[in-house]
Amino acid sequence: MQRFEIHAHTMYSNLRLVDSINRPKDLINRAIELGLAGITITDHDCLSGHVDVNMYSNQICENNPDFKIALGNEIYLCGSRENGNKYYHFILIAKNKDGHRALRELSSRAWMNSYYDRGMERVPTLKSELAEVMSRYKGHIMGTTACMGGELSKLIVAHAVETELGNFTEAEVIFKKIVDFINFGVTTFGVDDFYIECAPSNMKDQIMVNQKLIEIASHRGLNMIPATD
């Protein structure tokens, strides 16, 4: 079975921070070389690379007719726009033209409402905004819980820490936040388009998080998806 990479970055992720040196063409060529079934471009709240990617996909389709390229966005998902926020990562992937229209609308909103916090321009998407846009585009976008920078993974780590310290009241509060987040994802995207994302790693925290993600996905009947970020 071939693997489809759903979380990848290019130099366009450097719009606000230094994140990746991959040129879109080189990244796609490497994915083909590795024998992947396809790759998704999910730059950090930047859709600019999609133009280059679309043009290149047309060039390579004759020699690589089965290789697929998907377009996405790694957004910063927050409950509000205020200084001191935790800017949680979240992945959106367009399934079709309507889905990409939704990506553009969400990204435009984020940039129009940008502000500076702790020395960096911030472009969060509010959960309320994501829910509102998805109410019009449900079925056209898939969402994943992203990497260790995602809210779900952060909450799992925090829950493990409080449990280990014996702070069971605080652990219970965090557990409720985990449940609320999963419910938000399922309600917003639907069970078929909301994915629990895990990642291969030798890091202790990632291994622990992966184990908990498997438990959550199994308990809620959700699909899991691997990604290498």
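The following paragraphs examine the structure supplied in this document. Because the structure is predicted, anything quoted here is derived from the model rather than measured.

The helix and strand inventory of the chain stands at seven helices and 10 strands. Taken over C-alpha atoms, the radius of gyration comes to 18 Å for the chain, in line with the 17 Å a tight globule of 229 residues would show. Counting only C-alpha atoms and orienting by the principal axes, one finds that the chain spans roughly 60 × 40 × 35 Å. Taking all 229 residues of the chain together, the buried fraction comes to 48%. For the chain, contacts bridging at least 24 residues in sequence account for 74% of all contacts bridging at least 6. Of the roughly 11800 Å² that the chain leaves accessible, carbon and sulfur atoms contribute 53%. Positive and negative charge centroids in the chain, built from 24 and 29 side chains respectively, lie 3 Å apart.

A few words now on the packing of helix 5 (residues 151-165) against helix 6 (residues 168-189). Axis separation between helix 5 and helix 6 bottoms out at 8 Å; the angle between their running directions is 160°. Between helix 5 and helix 6, the crossing angle belongs to the class labelled roughly antiparallel. Regarding helix 5 and helix 6, the two cross each other, and that crossing is left-handed. Contacts between helix 5 and helix 6 involve Glu151, Leu152, Leu155, Ile156, Ala158, His159, Glu162 and Thr163 from the first element and Phe168, Glu170, Ala171, Ile174, Phe175, Lys177, Ile178, Phe181 and Ile182 from the second. Classifying every residue of the contact of helix 5 with helix 6 gives 11 nonpolar, two polar and four charged.

Here the focus is the nonpolar core. With 32 residues, the main nonpolar core has Phe90, Leu92, Leu130 and Leu152 as its most contacted residues. Contributions of two or more residues to this core are made by strand 3 (68-78), strand 4 (88-94), helix 3 (97-112), helix 4 (127-137), helix 5, helix 6, strand 9 (194-198) and helix 7 (204-220). It is helix 6 that contributes the most residues to this core, six residues altogether. In this structure, Phe90 is in contact with Asn73, Glu74, Ile75, Leu77, Leu130, Gly143, Thr144, Thr145, Ala146, Phe181, Phe189 and Phe194, ignoring residues within four places of it in sequence. Listed in part, the 12 residues of the second largest apolar core include Ile28, Ala31, Ile39 and Val53.

Opposite charge on two side chains permits pairing when their charged atoms draw close. For the structure shown, the criterion picks out 13 salt bridges. Of the charged contacts in the structure, one is a salt bridge between Glu33 and Arg30, with a shortest N-O distance of 2.7 Å. With Glu33 and Arg30 both in helix 1 (residues 24-33) and three residues apart, this pair spans about one turn of that helix.

Within the secondary structure, Thr144 is located in strand 8 (residues 141-144). Setting aside chain neighbours within four positions, we find Thr144 in contact with Ile6, Phe90, Ile91, Tyr195, Glu197 and Ile225.

With that settled, the discussion passes to the packing of aromatic side chains. Considering all chains together, one arrives at four aromatic pairs under this definition. A centroid spacing of 6.3 Å and a plane angle of 75° characterise the contact between Phe90 and Phe181, whose relative ring orientation is edge-to-face. Residue Phe90 is found in strand 4, and its partner Phe181 is found in helix 6; the two are separated by 91 residues along the sequence. Sitting over the ring of Phe184, Lys127 keeps its end group 5.7 Å from the ring centre.

You will see that Asp45, though not glycine, has its phi angle at about 40°, which is positive. Among the structural elements, Asp45 can be located in the loop between strand 2 (38-41) and helix 2 (49-60). Residue class for Asp45 comes out buried when judged on its relative accessible area of 0%. One non-glycine residue, Asp229, lies in the positive phi region at around 55°. Mapped onto the secondary structure, Asp229 falls in the segment after strand 10 (223-226).

This part covers the pairing of strand 8. Of the two faces of strand 8, the one lined by Ile141 and Gly143 and the one lined by Met142 and Thr144 are each fully buried. Pairing of strand 4 with strand 8, which is carried by four bridges, proceeds in the antiparallel orientation. When the sheet's bridge partners are listed, Ile93 is paired in strand 8 with Met142. Note that strand 8 and strand 9 share two bridges and pair parallel. Note that in strand 9 the partner of Gly143 across the bridge is Phe194.

How each quantity is defined
- Residues numbered from 1 in each chain as written.
- Predicted model: local features only at pLDDT ≥ 70, side-chain atom pairs only at ≥ 80, totals over all residues.
- Heavy atoms only, no water.
- Helix = DSSP H or I, 4+ residues; strand = E, 2+ residues; numbered from the N terminus.
- Rg over C-alpha atoms; globule rule 2.2 N^0.38 Å.
- Buried < 20%, exposed > 50% of the residue type's maximum accessible area, 1.4 Å probe, protein only.
- Contact = heavy atoms within 4.5 Å.
- Areas by Shrake-Rupley, 256 points an atom, 1.4 Å probe, with all protein chains shown as cover.
- Lys, Arg positive; Asp, Glu negative; His and termini not counted.
- Charge placed at Lys NZ, Arg CZ, Asp CG, Glu CD.
- Axes fitted to C-alpha atoms, helices over the stretch in contact; angles between N-to-C directions.
- Parallel < 35°, antiparallel > 145°, perpendicular 65-115°, else oblique.
- Left-handed = near helix turned anticlockwise from the far one by under 90°.
- Nonpolar A, V, L, I, M, F, W, Y, C, P; charged D, E, K, R; others polar.
- Core = buried A, V, L, I, M, F, W, Y, C linked by side-chain atoms within 4.5 Å.
- Salt bridge = Lys/Arg side-chain N within 4 Å of Asp/Glu carboxyl O.
- Phe/Tyr/Trp six-rings, centres within 6.5 Å; stacked < 30°, edge-to-face > 60°.
- Lys NZ or Arg CZ within 6 Å of the ring centre and 35° of its normal.
- Pairing = 2+ DSSP bridges.

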